[in-house]
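# Observations on the three-dimensional arrangement
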Amino acid sequence: MLARDIQTGLKQFLVSSYEPADSFMHGLMRRFTDEEAAWLKGPYVQMGLPFAVGNAGRSFFSSFETEFPGYLHQEMAWQRLSSQHLAASTLVATGTGSGKTECFLFPVLDHCVRSKKAGEAGIKALVIYPMNALATDQARRIAELVAKVPAFAGLRVGLYVGGAAGAPGTGMVMTPTSVITDRDTLRKNPPDILLTNYKMLDYLMLRPKDRKLWANNGPTTLRYVVVDELHTFDGAQGTDLALLLRRLRARLKTPEGHLICAGTSATLGGSSGTEPLRDYARQVFGVPFAEDAVVTENRLSVDDFLGDAMVSYMFMWTPALDAALDPELSASPEHAVQAWFEVFFPGVQQPAGVEVVNSTQWRHALGGTLNNISCL
């Protein structure tokens, strides 16, 4: 079972990382982890209501259509960040899976498309990631998006992070699954969008061979500076990043108020208001963030989500069900699903045989049955 695998992995991590080495205390952490009831809770399943959808459909941007209609919080971010609209610095503080990347990426791509058509060369957007792994994963997603949307044809995105740059002769052109990673190519023909981390950004402003990256940039060429997972840049890292961004503006002679700054995080902000968050972002980016600069998620209410739907089945939980739902009683996930079906849907006939649990037809039927449940 997935939950058991996670719990076992967590126990192994705690023991291997924190088990005392001296003979007197040795075994303390293992004894602690063996008492699972004292610290292991769950697993819990949380199902949030859907995000509210915006009003523009797929046609918010004039240069292209999005694949799906944007959520309301995405449209709010686009309205603020788009250089054709408010062009205002913005912080996106929404949950995991809410489309934070699209909140800044679509305005950036839209601006780059229009700038490129106007014949402007140079780096127009800089996206800073806290980790190379995150930058690499996002680079793949961006490459797929550029290849999918005809309006983005010809846009060049570069990835400049530490570590091996790739085998000789690779990473010189955009592909449907990768961006440009060859450093000589990036220096000779700088990309429209540059993905990097704050350590490499320091090198890009110090090393003489990397100065070519900024050769085509005038004072107003760079329009966007985005910091993903802004909350990870705390303490000394936050100070380093703040000084780097100020050096960058000084190097490029960027006019005051020209940059559109964006920060994203799933954990920023709180119930006490957005002033501490905005002040933190102001210190990092060196630009002011207005009171309405923080975009948060908007979910449907229960009434909006259910509407006039008819609930045909009610499931009432009782403590006695805990034993019936014990995963240790099942030999496999398939056996567990089949046994739990009878608990949740008493009297509903299901196909015989454990092997059918993995079939598409059985899963579709289960989804239809779950759609009519109201759990209390």
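Scroll up a little and you will see the structure.
A brief look at the structure comes next. In this text, all values refer to a predicted model and were calculated from it rather than measured experimentally. (Residues numbered from 1 in each chain as written. Predicted model: local features only at pLDDT ≥ 70, side-chain atom pairs only at ≥ 80, totals over all residues. Heavy atoms only, no water.)

## Focus: the state of the cysteines
So the rule is basically this: Working definition: a disulfide is two cysteine sulfur atoms within 2.5 Å of each other. Three labels apply to residues, based on accessible area from a 1.4 Å probe with only protein chains included: buried if under 20% of the type maximum, exposed if over 50%, partly exposed otherwise in between.
On inspection of all chains with the given rule, the structure shows 0 disulfides. Free cysteine Cys112: the closest other cysteine sulfur is in Cys261, separated by 15 Å. Taking the relative accessible area as the measure of exposure, Cys112 reaches 0% and is therefore buried.

## Some details on the packing of aromatic side chains
Defined as follows: Stacked, tilted and edge-to-face are the three classes assigned to paired rings of Phe, Tyr and Trp, where Trp is represented by its six-membered ring and a pair needs centres within 6.5 Å; plane angles under 30 degrees give stacked, over 60 edge-to-face, the rest tilted. Both a distance and an angle decide whether a charge sits over a ring: NZ of Lys or CZ of Arg must be within 6 Å of the ring centre and within 35 degrees of the ring normal.
Tallied over the entire structure, the rule returns 14 aromatic pairs. Seen from their ring centres, Phe32 and Trp39 are 5.8 Å apart, and the 25° between their planes marks the pair as stacked. By relative accessible area, Trp39 is classed as buried at 18%. Relative to Phe61, the ring of Phe60 has its centre 5.0 Å away and its plane inclined at 70°; by these criteria the two rings are edge-to-face. Overall, Phe60 belongs to the buried group, its relative accessible area being 14%. Relative accessible area serves as the criterion here: at 5%, Phe61 is assigned to the buried category. In textbook terms, an aromatic cluster arises when at least three aromatic residues are bridged by ring pairs, as seen for Phe60, Phe61, Phe64, Trp78, Phe106 and Phe152. One residue, Arg299, lies across the ring of Phe51, its end atom 4.1 Å from the ring centre.

## Things to note about the nonpolar core
Test applied: Take the buried residues of types Ala, Val, Leu, Ile, Met, Phe, Trp, Tyr and Cys, join any two whose side-chain atoms come within 4.5 Å, and each joined set is a nonpolar core. Runs of H or I in DSSP of at least four residues are treated as helices and runs of E of at least two as strands, each being numbered from the N terminus. Note on contacts: a residue pair is in contact if any heavy atoms of the two residues lie within 4.5 Å.
In this structure, Ile128 and Phe285 are the most contacted members of the largest nonpolar core, which totals 36 residues. Secondary-structure elements contributing two or more residues to this core are β1 (90-93), β2 (125-129), α8 (198-206), β5 (224-227), α9 (235-252) and α10 (275-285). Leaving out residues up to four positions away in the same chain, Phe285 has contacts with Val225, Val227, Leu230, Leu245, Arg246, Arg249, Cys261, Ala262 and Gly263. Residues Phe64, Leu81, Leu155 and Val226 belong to the second largest nonpolar core, which totals 35 residues.

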